[in-house]
Amino acid sequence: MTSLPNSVSIREVGPRDGLQNEDPIPTDAKVRLLDALSRTGVKRIEAVSFVHPKAIPQMADADEVWRQASQVDGVRYSALVPNTRGAQRALAAGFTEIEVVVSASDTHNRRNVNRSTDESLDDIAELVDLLHGAGARVEVIVATSFGCPYEGDIDPQRVAGIVDRVVRDGADRVAFGDTTGMGTPRRVRELLTAVRDRNAHIPVLLHFHNTRGTALANLLTALELGVTEFDASVGGLGGCPYAPGASGNLATEEAVHMLHDMGIDTGIDLDALIEVAELAERLVGRQLPSGVLRAGPRTRLAR
């Protein structure tokens, strides 16, 4: 039997990736959600993205959200940036953990940022130098790593080649996004094998969507392959404005519920997290897809 890790690190992405695909909510509501998540025991939160408001109007108030947020000791907060201007804003706001994104699919990359994948990689090389010069650490997120809604399957060797490039350019870590939930356990295994054959040392995080119901199965496969860092979004919030069919992320409470039952520690209070999922549902004004939010944990008995 494959040995599983004793603990897993979950980065909560609801405040950024989760809200970017919802109708805009007020600044104070975003702050309430961010602050509530900071009190659940989660140790990493993707707080905001510094993008042009015309591109992602849901993030137009990122500076104000971050100014008002309670920054809890022991929680690592990160921000996503698309370009030099965004990086400068993130640095000015005090972020030292920065994410940049490139799509493995050339078509999705053009829809997302109006550049080819290679052009974005050139931009990222410059951003890495800028951010390192300011003392920040850089994570490169490779979107559409497991498939693209425009191009279909993505060759794992193409993703591994992108990792070769960003590692050479100084990235501190990489993440692989299943942007529209096209990943399956087989594809997770193939991608991780391809990447590790060429860059075994680089820290890896996986970001799954549950569009086709495979997110937890994919997480389990990655666990069996030794991955211990994952993104998840409270309530299953999220999606991608530039990827048709990209429904919500893996729900944080679903991941925590399964991991805790397997004896794997996350440091997160599940009951508190479910309360925040209920808050998120009220704030966005629609029913969220999380099964654990609907049914409660398996320890909740009928009355």
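Per an unreviewed UniProt entry, the protein carries the name Hydroxymethylglutaryl-CoA lyase and comes from Micromonospora globbae. Note on the protein: under the UniProt heading Sequence similarities (unreviewed entry), the record states "Belongs to the HMG-CoA lyase family."

Undergrad: Tell me about the overall build of the protein, and name the residues and values.
TA: Summing up its helical and strand segments, the protein has 12 helices and 8 strands in all. The C-alpha radius of gyration of the protein comes to 18 Å, within 12% of the 19 Å expected for a compact globule of 303 residues. Taken along the three principal axes of its C-alpha coordinates, the protein extends 60 × 50 × 35 Å. Counting only residues that meet the buried cut, the protein has 57% of its 303 residues in that class. The long-range share in the protein, meaning contacts at least 24 apart out of those at least 6 apart in sequence, stands at 76%.

Undergrad: Before we move on, could you go through the side chain of Glu46 and cite the residues and values that matter?
TA: Of note, Glu46 is situated in strand β2 (residues 44–49). Judged by its relative accessible area of 1%, Glu46 is buried. A polar side-chain atom of Glu46 sits 3.0 Å from a polar atom in the side chain of Arg16. With near-sequence residues (within four places) excluded, Glu46 lies in contact with Arg11, Glu12, Val13, Pro15, Arg16, Asp17, Ser78, Leu80 and Glu99.

Undergrad: Tell me about the pairing of strand β3 (residues 76–80), and name the residues and values.
TA: Regular strands have side chains that alternate between both faces of the sheet. Within β3, 4 of the 5 residues are buried, leaving the element largely enclosed by the surrounding structure. Sheet topology places β2 next to β3; 5 bridges connect them, and they run parallel. Each bridged residue has a counterpart across the sheet, and for Val48 the counterpart in β3 is Ala79. Between the parallel elements β2 and β3, the chain passes through helix α3 (residues 62–68) in a crossover that is right-handed. Bridging between β3 and strand β4 (residues 97–103) involves 2 bridges; their strand directions are parallel.

Undergrad: Give me the lowdown on the packing of helix α6 (residues 117–133) against helix α7 (residues 156–168), citing residues and values where you can.
TA: At a minimum axis distance of 10 Å, the contact between α6 and α7 shows a crossing angle of 25°. When the interaxial angle is binned, α6 and α7 end up roughly parallel. Handedness of the crossing formed by α6 with α7: right-handed. In this structure, α6 contributes Thr117, Leu121, Asp122 and Ala125 to the contact, and α7 contributes Arg158, Ile162, Arg165 and Val166.

Undergrad: How would you summarise the nonpolar core if you had to cite specific residues and measurements?
TA: Counting 91 residues, the largest nonpolar core has Leu33, Phe95, Phe176, Leu206, Leu219, Phe230 and Val234 as its most contacted members. Per element, the largest residue contribution to this core is 9 residues, and it comes from helix α11 (residues 270–284).

Undergrad: Please give an account of helix α2 (residues 27–38) that cites residues and values.
TA: Compared with the 16 Å implied by 1.5 Å per residue over 12 residues, the 17 Å span of α2 between its first and last C-alpha is a close match. The buried fraction of α2 amounts to 9 of the 12 residues, a majority that puts the element mostly inside the structure. Burial in α2 covers these residues: Ala29, Lys30, Val31, Leu33, Leu34, Asp35, Ala36, Leu37 and Ser38.

Undergrad: Provide a residue-level description of the sheet that holds strand β5 (residues 137–143), including the pertinent values.
TA: Read around the barrel, 8 strands follow the order β1-β2-β3-β4-β5-β6-β7-β8 and close on themselves; strand pairing throughout is parallel. If you compare each strand with its neighbour and ignore which way they point, the axes differ by 30° on average.

Undergrad: Break down empty space enclosed by the protein for me, citing the residues and quoting the values.
TA: Taken as a whole, this structure holds 4 cavities of 30 Å³ or more when the rule is applied. Volume-wise, the largest cavity comes out at about 80 Å³. Of all elements in the fold, only β4 and α6 reach the threshold of two or more residues within the lining of the largest cavity. Element by element, the count of residues in the lining of the largest cavity is highest for α6, at 4 residues. Grouping the constituent residues of the lining of the largest cavity by class yields 7 nonpolar, 1 polar and 2 charged. If you add up the space inside the second largest cavity, you get close to 70 Å³. If you go around the second largest cavity, the residues you meet are Arg11, Arg44, Ser78, Glu97, Ile98, Glu99, Arg137, Val138, Glu139 and Arg173. Contributing elements (two or more residues each) for the lining of the second largest cavity: β4 and β5. Taken together, the residues of the lining of the second largest cavity sort by class into 2 nonpolar, 1 polar and 7 charged.

Reading the values: the criteria
For every chain, the first residue of the written sequence is number 1, and numbering continues from 1 along that sequence. At least 70 in pLDDT is required for a residue's local features to be given in this predicted model, at least 80 for side-chain atom pairs to be given and counted, and no such filter applies to totals for whole chains, interfaces and linings, which use all residues. Neither water nor hydrogens contribute to the side-chain values; these are computed over all heavy atoms in the structure. UniProt positions are given in the numbering used here, feature names are shortened, and annotations may be inferred rather than shown by experiment. Every helix listed is a DSSP run of H or I at least four residues long, and every strand listed is a run of E at least two residues long, numbered separately from the N terminus. Values of the radius of gyration come from C-alpha atoms, whereas the globule rule sets the reference at 2.2 Å times the count of residues to the power 0.38. Buried, partly exposed and exposed residues are distinguished by accessible area as a fraction of the type maximum, computed with a 1.4 Å probe on protein chains only: under 20%, between the cut-offs, and over 50%, respectively. Every residue pair with non-hydrogen atoms within 4.5 Å of one another is taken to be in contact. Any N or O atom pair separated by 3.5 Å or less is treated as a polar contact, with the protein-specific requirement of one donor-capable and one acceptor-capable atom, and with residues adjacent in sequence counted only for side-chain atom pairs. Two strands pair under a simple rule: DSSP has to find at least two bridges between them. By convention, orient the strands away from the viewer: a clockwise path from the first strand over the helix to the second makes the crossover right-handed. Axis angles are defined between N-to-C directions and span 0 to 180 degrees, where every axis is a line fitted to C-alpha atoms and, for a helix, only to the segment in contact. In this scheme, roughly parallel covers angles under 35 degrees and roughly antiparallel covers those over 145, while 65 to 115 is roughly perpendicular and the rest are oblique. Should the near helix be turned anticlockwise from the far one by less than a right angle, the crossing is termed left-handed; should it be turned clockwise, right-handed. Joining through side-chain atoms within 4.5 Å is the link that ties buried Ala, Val, Leu, Ile, Met, Phe, Trp, Tyr and Cys residues into a set, and such a set is a nonpolar core. Between the first and last residue of a helix there are one fewer steps than residues, each counted as 1.5 Å, and that sum is the expected span. Method remark: on a 1 Å grid restricted to protein atoms, a set of points is classed as a cavity if a 1.4 Å probe fits but cannot get out and as a pocket if it is open with protein on both sides within 12 Å along at least five of seven lines; lining residues have an atom within 4 Å of a point. Grid points are joined across faces, edges and corners, and a volume is the space filled by probe spheres set on the points. Only Asp, Glu, Lys and Arg are considered charged in this grouping, and only Ala, Val, Leu, Ile, Met, Phe, Trp, Tyr, Cys and Pro are considered nonpolar; every other residue, Gly among them, is considered polar.

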